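Structural overview
So the chains spell out like this:
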Amino acid sequence: MRMTENRKKILKIVEESKIPLTAEEIYKKAGVNLSTVYRALKFLEERKLVGSFSVSRGVRYFFRRDNHYHFMVCERCGKLFPFKECARELIDALQKKYRFSEESHLFLIYGVCENCRR
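The following refers to the structure shown. Predicted, not measured: the structure shown is a model, and the values here were computed from it.

We now examine the overall build of the protein. Broken down by element type, the protein carries five helices and six strands. Secondary structure elements of the protein occur, N-terminal to C-terminal, as α-β-α-α-β-β-β-β-α-β-α. Judged by the C-alpha coordinates and their principal axes, the protein covers about 45 × 40 × 20 Å. In the protein, which comprises 118 residues, the share counted as buried stands at 34%. When the accessible surface of the protein is split by element, carbon and sulfur atoms take 52% of a total near 8300 Å². Here the protein carries 25 positive and 15 negative side-chain charges, and the mean point of each set is 4 Å from the other.

Here it is in structure tokens:
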């Protein structure tokens, strides 16, 4: 399969975003139908051009594979709360201990946000 214009457009949207996006958010920016977005994301993910993760309620987020992300995820409302702190020392120690070479990482902490605790 080849890299169509729609796939290029969707890849560009993901690459230019500072945060992971849902397929619906990409759809709103892409100007193509939603099924095209899902097919393109599958194609891009199979070729390791984008990565994805799912959170509560099955919401799936797509992100640049050459970047790493850190989020707290509210299990009640599903909102993502980004944070800058990174477990770099832990990752380095794990790589050394297990002879593993990190290509990217995603750090998710699940819990309940302040608004949902009220």
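From this point, the narrative continues.
So, on to the packing of aromatic side chains. Aromatic ring pairs are defined here through the distance separating the ring centres and the angle between the ring planes. Evaluation of the coordinates by the stated rule reveals six aromatic pairs. With a centroid separation of 5.4 Å and 70° between ring planes, the pair formed by Phe-63 and Tyr-69 is classed as edge-to-face. Note that Arg-7 overlies the ring of Phe-43, its terminal NZ or CZ placed 3.8 Å from the centroid.

Turning our eyes to something else, we now look at the pattern of salt bridges. Tallying each qualifying case throughout the model produces nine salt bridges. We note a salt bridge from Glu-5 to Lys-8, for which the minimum N-O separation is 3.4 Å. Taken together, the positions of Glu-5 and Lys-8, both in helix 1 (residues 5-16) and three residues apart, correspond to about one turn of that helix. The class of Lys-8 is partly exposed, set by a relative accessible area of 42%.

What counts, and where the lines are drawn
One numbering rule holds for all chains: residues counted from 1, following each sequence as written. Owing to the predicted nature of the model, reporting of local features is limited to residues with pLDDT of at least 70; listing and counting of side-chain atom pairs is limited to 80 or more, with chain, interface and lining totals taken over all residues. Calculation of side-chain values draws on the structure's entire complement of heavy atoms; hydrogens and water are dropped beforehand. Labels follow the DSSP assignment, with helices taken as runs of H or I lasting at least four residues and strands as runs of E lasting at least two, numbered in each case from the N terminus. For every residue, the accessible area obtained with a 1.4 Å probe (protein chains only) is divided by the maximum for its type, and the residue is called buried under 20%, exposed over 50%, and partly exposed between those limits. Each accessible area value is a Shrake-Rupley result obtained with a 1.4 Å probe; residue values ignore everything except the protein chains displayed when judging cover. Counting rule for charge: Lys and Arg are taken as positive, Asp and Glu as negative, and neither His nor the chain ends is counted. Charge placement uses NZ in Lys and CZ in Arg. For Asp and Glu, CG and CD serve respectively. Only Phe, Tyr and Trp rings are paired, with Trp represented by its six-membered ring, and only when their centres lie within 6.5 Å; those with planes under 30 degrees apart are stacked, over 60 edge-to-face, the remainder tilted. Distance and angle both matter: a charge sits over a ring if NZ of Lys or CZ of Arg is within 6 Å of the ring centre and within 35 degrees of the ring normal. In what follows, salt bridge is the name for a side-chain nitrogen of Lys or Arg lying within 4 Å of a carboxyl oxygen of Asp or Glu.

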